[in-house]
Amino acid sequence: MSSQEIPEENLPSEQESAHGAVAVADEADPFADPGLPPHENRVQDIDEQAARRSERTVALLFTISMLATVGFIASFVAFPVDKSVYIWPIGHISALNFALGMTLGVALFCIGAGAVHWARTLMSDVEVADERHPIEAEPEVKAKVMADFAAGAKESQLGRRKLIRNTMFGALAMVPLSGVVLLRDLGPLPEDKLRHTLWSKGKLLVNMNTNEPLRPSDVPVGSLTFAKPEGLEEHDHDFQKEIAKAALMIVRIQPDNIKDKRELEWSHDGIVAYSKICTHVGCPISLYEQQTHHALCPCHQSTFDLSDGARVIFGPAGHALPQLRIAVNEEGYLEALGDFEEPVGPAFWERG
């Protein structure tokens, strides 16, 4: 229905247009600034008791955040990784994940809720209209900014409300600890595990194939034998981890053909024991050339001279194979006189 079809008595009068819901735009200035409504004080602005209640509420939220952060850290100790709990209506879930999610969520929520309640009840809510200014800052603008900052700091009552200030700083300082604790899931700390193997003084050298202790007569000149520490069995749950560090490569060389003085001192009647783990990327060395006394890694062809301290003569390996000092015990078996004096395996020097 067009305006021409509306009865004249039903059209708004000029007085109704001026004071009713229907407003007529000013043709001279259709975008005139309507201005701001008069400011109304909140109860906290006129009642100090109400302001103190709001202060305690904000402080309580920040305190709960701190306690939740402590709970987040304690969850790592209290809950094993494999423990599950029943949470209705979700079902069975990881107790550790549930505890971490709840405590971290509460910690972050309480910081946000405390900040919002602080802003809505205690900070100044006076609306200020400010004209736009050029991008470059004039001295007068800089002075005004600093004055506004000082006024905002005063209106926030941060200096006056010390309870809020202190609990807020505590909550903000403790929440990042949650991220530090999460670093634990990157893996166990290496400590000094990379520097030690199962070899120790008195450990017998056990043949990997026969699972019997080795005698010097079991290692003829020019042969290659693989050995493991006494007591390490294949059914052990950590066998793969330990053998990856302790696997030995045993060869027998005529003592006159050993060029390295320390290698000769650490051997027994020409029997030398070197780590089987290549120092390039950790492949097991399994090829030995008895005429040249060279051991070859099949992965990337790193070649080590076992008659000269197992130094690298070809390939990408970065350093020589570690040697294990051996001797013969009273029963005639080959035994270790200690652990490797340097870490076995690849890239250790870059790791630490």
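Here is what the cut-offs are and how they apply
Residues numbered from 1 in each chain as written. Predicted model: local features only at pLDDT ≥ 70, side-chain atom pairs only at ≥ 80, totals over all residues. Heavy atoms only, no water. UniProt positions renumbered as here; feature names shortened; annotations may be inferred. Helix = DSSP H or I, 4+ residues; strand = E, 2+ residues; numbered from the N terminus. Contact = heavy atoms within 4.5 Å. Salt bridge = Lys/Arg side-chain N within 4 Å of Asp/Glu carboxyl O. Buried < 20%, exposed > 50% of the residue type's maximum accessible area, 1.4 Å probe, protein only. Polar contact = N/O pair within 3.5 Å; in protein donor to acceptor, adjacent residues only side chain to side chain.

Per an unreviewed UniProt entry, the chain goes by Cytochrome bc1 complex Rieske iron-sulfur subunit and derives from Streptomyces aurantiacus JA 4570. Under Subunit (unreviewed entry), UniProt gives the following word-for-word description of the chain: "The cytochrome bc1 complex is composed of a cytochrome b (QcrB), the Rieske iron-sulfur protein (QcrA) and a diheme cytochrome c (QcrC) subunit." On record in UniProt, under Subcellular location (unreviewed entry), the comment for the chain is "Cell membrane".

Engineer: Please clarify how the side chain of serine 178 should be interpreted in this entry.
Structural biologist: Position of serine 178 relative to the elements: it lies in helix H7 (residues 176–182). Apart from residues lying up to four places away in sequence, serine 178 is in contact with Thr69, Phe72 and Leu104.

Engineer: I keep staring at the UniProt feature "transmembrane region" (unreviewed entry) in the chain and nothing clicks. Help me out?
Structural biologist: The UniProt entry lists residues 58–81, 93–116 and 163–183 under the feature "transmembrane region" (unreviewed entry), expressed in the numbering used here. Each end of residues 163–183 is marked by a C-alpha atom, and these two atoms are 32 Å apart; helix forms 90% of the span and strand 0%.

Engineer: Looking at this structure, how should I read the pattern of salt bridges?
Structural biologist: Within the structure shown, the criterion is met by 11 salt bridges. When the shortest N-O distance is used, the salt bridge between lysine 228 and glutamate 233 registers 3.9 Å. For lysine 259, the salt bridge goes to aspartate 305, with nearest N and O atoms at 3.8 Å. Of this pair, lysine 259 sits in the loop between strand E5 (248–252) and helix H9 (261–265) while aspartate 305 sits in strand E9 (residues 303–305), and the two are 46 residues apart along the sequence. Of the residues examined, lysine 259 reaches a relative accessible area of 59% and is grouped as exposed. Its relative accessible area of 3% is what places aspartate 305 among the buried residues.

Engineer: Mind showing me how you'd approach the environment of tryptophan 118 here?
Structural biologist: With respect to the helices and strands, tryptophan 118 occurs in helix H4 (residues 95–121). In this structure the C-alpha to C-alpha distance between tryptophan 118 and glutamate 55, which are 63 residues apart in sequence, comes to 7.4 Å. Engagement of the side chain of tryptophan 118 in a polar contact is seen with the backbone oxygen of serine 156, the distance being 3.3 Å.

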